[in-house]
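One-letter residues, chain by chain:
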Amino acid sequence: MTDRSDYQKLRAHLAFLRMGAAAEALPALLDEAIKTKLTNQAFLERLLAVEVDAVDERRRASLARFASLPSPFTLADFDFAAQPSVDPKLIAELGTLRFVEDATNVLLIGPPGVGKTMLAVGLGHAAVAAGMRTYYTTAAELAARCHRAAIEGRWATTMRFYAGPRLLIIDEVGYLPLPAEAAAALFQVVSQRYLKGSIALTTNLGIASWGKVFNDDPMVAGAMLDRLLHRSVVININGDSYRMRSHRARAEATRKAVAGP
Ligand code: ADP
Ligand code: MG
């Protein structure tokens with residue numbers, strides 16, 4: 001058997017196993033192995049490492065696409081000095097994603113513009129980086145999708161979809177009152193994830209006003225809150241809107257500039 005036919009067979013094996021990255025790296029790695037007198041073991045390790053890296057990269061890219069996170073901001077981008085009501089230590093702890101291990105929920109409560117979405121999305125990026133299946137949706141989007149699913153006879157499939165991710169982010173609960181059907185969908189999503197998978201939820205409504213999301217149906221609101229809060233971290237953000245803050249700072253700077261020395 002010649003080196004050449006061994007080489008061809010090796011290429012064929014790699015192609016059959018769909019190890020494209022390893023196949024591509026093979027010639028250069030073989031050259032290097034000869035030049036540096038690599039052991040068989042070291043050569044094989046390097047060849048497989050190339051493929052492992054490529055598969056890992058693809059998996060991460062696919063997780064990131066699936067997650068549908070609406071902005072690139074990570075927890076590291078959050079300006080804690082601007083938001084004293086958010087405890088950096090708590091966010092750092094959440095960033096370790098230990099909360100996902102025991103299906104703890106994270107509730108971010110506060111008025112518009114204080115960074116609720118940014119923090120939820122930051123947790124999402126951390127989860128994706130850790131290789132966890134993550135999915136971002138708004139409450140309105142979830143409601144619309146469930147509505148279509150009900151009409152098209154795909155309710156069970158859709159419910160399984162929302163049960164799947166290790167971390168489900170539901171943004172903007174309470175901005176719009178949910179019709180009864182949408183409230184029922186949200187309730188079912190929360191119920192089936194209860195103690196199984198984490199939800200990071202943002203809302204502008206204090207917990208006491210949650211009845212409003214559910215058409216003043218205190219039974220549904222109460223049952224849902226029980227499940228959400230049973231194992232949860234609640235973060236109340238009560239500072240100024242970040243956008244307004246930078247707007248004010250700019251206005252202030254302009255005023256000073258205009259007023260002169
Ligand atoms: P919310 O979801 O509470 O309405 P967002 O998370 O959408 O607020 O924040 C509004 C804007 O301000 C976004 O562009 C966000 O990136 C930015 N922002 C808010 N809080 C902070 C912060 N503490 N540090 C940096 N950027 C912030
Ligand atoms: Mg938001």
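The structure contained in this document is the topic of the report that follows. For clarity, every value in this text was computed on a predicted model and none was experimentally measured.

1. Here's the deal with the overall build of the protein
Next, step 1: Broken down by element type, the protein carries 11 helices and 5 strands.
Next, step 2: Computed over the C-alpha atoms, the radius of gyration of the protein is 25 Å, more than 25% above the 18 Å expected from 2.2 N^0.38 for a compact globule of 261 residues.
Next, step 3: Based on the C-alpha atoms only, the size of the protein along its principal axes is roughly 80 × 70 × 30 Å.
Next, step 4: Counting across all 261 residues of the protein, residues that qualify as buried make up 36%.
Next, step 5: Pairs at least 24 residues apart make up 78% of the contacts formed inside the protein by residues separated by at least 6 positions.
Next, step 6: When the accessible surface of the protein is summed, it comes to about 14,800 Å², and 59% of that surface belongs to carbon and sulfur atoms.
Next, step 7: Put simply, the protein has 31 plus and 26 minus side-chain charges, and the middle of one group is 1 Å from the middle of the other.

2. Some details on the packing of helix H8 (residues 155-163) against helix H9 (residues 180-193)
Next, step 1: For the pair H8 and H9, the least separation of the axes is 9 Å and the interaxial angle reads 50°. One element, H8, and the other, H9, form an angle in the oblique class. Every pair of crossing elements has a handedness; the one defined by H8 and H9 is right-handed. Where H8 abuts H9, its residues Trp-155, Met-159, Arg-160, Tyr-162 and Ala-163 lie against Ala-185, Gln-188, Val-189, Gln-192 and Arg-193.
Next, step 2: Looking at side-chain class alone, the contact of H8 with H9 contains 6 nonpolar, 2 polar and 2 charged residues.

3. Focus on the pattern of salt bridges
Next, step 1: Enumeration over the complete set of coordinates arrives at 5 salt bridges.
Next, step 2: Between Arg-60 and Asp-56 there is a salt bridge; the shortest N-O distance is 3.4 Å. Here Asp-56 and Arg-60 lie together in helix H3 (residues 40-67), a separation of 4 residues that amounts to about one turn.

4. What about the layout of surface pockets?
Next, step 1: Its boundaries defined by the atoms lining it, the second largest pocket holds a volume of some 190 Å³.
Next, step 2: Lining of the second largest pocket is provided by Asp-3, Asp-6, Tyr-7, Leu-10, Pro-27, Leu-30, Asp-31 and Ile-34.
Next, step 3: Elements supplying a minimum of two residues to the lining of the second largest pocket: helix H1 (3-16) and helix H2 (20-35).

5. As for the environment of Leu-123
Next, step 1: With respect to the helices and strands, Leu-123 occurs in helix H6 (residues 116-129).
Next, step 2: The exposure class assigned to Leu-123 is buried, which follows from its relative accessible area of 3%.
Next, step 3: With 28 residues separating them in the primary sequence, Leu-123 and Gly-95 have C-alpha atoms 6.2 Å apart.
Next, step 4: Apart from the residues within four sequence positions on either side, Leu-123 is in contact with Leu-75, Leu-94, Gly-95, Leu-97, Phe-99, Val-106 and Leu-167.

6. Points about the site of ligand 1
Next, step 1: Lining the immediate surroundings of ligand 1 are 14 residues, of which Asp-79, Gly-113, Lys-116, Thr-117 and Met-118 lie closest.
Next, step 2: Note that a nitrogen atom of ligand 1 is positioned 2.8 Å from one of the backbone N or O atoms of Asp-79.
Next, step 3: Here an oxygen atom of ligand 1 sits 2.8 Å away from a polar atom, N or O, in the main chain of Met-118.
Next, step 4: Here ligand 1 has 550 Å² of accessible area as a free molecule, and 84% of this is covered by the chains.
Next, step 5: Secondary structure elements with two or more residues in the shell around ligand 1: H6 and helix H11 (242-259).
Next, step 6: Partitioning the shell around ligand 1 into residue classes produces 7 nonpolar, 3 polar and 4 charged.

7. Thoughts on H1
Next, step 1: The end-to-end C-alpha separation of H1 is 20 Å, in line with the 20 Å expected for 14 residues at 1.5 Å each.
Next, step 2: Positive phi shows up at Arg-18, right after H1, with a value of about 55°.

8. Brief notes about the packing of aromatic side chains
Next, step 1: On inspection of all chains with the given rule, the structure shows 6 aromatic pairs.
Next, step 2: Here Phe-66 and Tyr-135 contribute two aromatic rings whose centre-to-centre distance is 5.4 Å and whose plane-to-plane angle is 45°, an arrangement assigned as tilted. Residue Phe-66 is located in helix H3, and its partner Tyr-135 is located in strand E2 (residues 134-138); the two are separated by 69 residues in the primary sequence.
Next, step 3: Judged by relative accessible area, Tyr-135 falls into the buried class, the value being 9%.
Next, step 4: Every member of this aromatic cluster is reached through a ring pair, and the members are Phe-66, Tyr-135, Phe-161 and Tyr-162.

9. Topic: H8
Residue pairs three or four apart in sequence face the same way in an α-helix, which turns once every 3.6 residues.
Next, step 1: If you check which residues of H8 are buried, you get Thr-158, Met-159 and Tyr-162. Seen end-on, H8 carries its buried residues on one side only, within an arc spanning 100°.
Next, step 2: Where H8 is buried, its residues contact E2, helix H7 (139-151), strand E3 (167-173) and H9.

Here is what the cut-offs are and how they apply
- Residues numbered from 1 in each chain as written.
- Chains lettered and ligands numbered in written order.
- Predicted model: local features only at pLDDT ≥ 70, side-chain atom pairs only at ≥ 80, totals over all residues.
- Heavy atoms only, no water.
- Helix = DSSP H or I, 4+ residues; strand = E, 2+ residues; numbered from the N terminus.
- Rg over C-alpha atoms; globule rule 2.2 N^0.38 Å.
- Buried < 20%, exposed > 50% of the residue type's maximum accessible area, 1.4 Å probe, protein only.
- Contact = heavy atoms within 4.5 Å.
- Areas by Shrake-Rupley, 256 points an atom, 1.4 Å probe, with all protein chains shown as cover.
- Lys, Arg positive; Asp, Glu negative; His and termini not counted.
- Charge placed at Lys NZ, Arg CZ, Asp CG, Glu CD.
- Axes fitted to C-alpha atoms, helices over the stretch in contact; angles between N-to-C directions.
- Parallel < 35°, antiparallel > 145°, perpendicular 65-115°, else oblique.
- Left-handed = near helix turned anticlockwise from the far one by under 90°.
- Nonpolar A, V, L, I, M, F, W, Y, C, P; charged D, E, K, R; others polar.
- Salt bridge = Lys/Arg side-chain N within 4 Å of Asp/Glu carboxyl O.
- 1 Å grid on protein atoms, 1.4 Å probe; cavity = no way out; pocket = protein on both sides within 12 Å on 5 of 7 lines; lining within 4 Å.
- Points joined across faces, edges and corners; volume = space filled by probe spheres on them.
- Near = heavy atom within 4 Å.
- Polar contact = N/O pair within 3.5 Å; in protein donor to acceptor, adjacent residues only side chain to side chain.
- Expected span 1.5 Å × (residues − 1).
- Phe/Tyr/Trp six-rings, centres within 6.5 Å; stacked < 30°, edge-to-face > 60°.
- Arc of directions from axis to C-beta.

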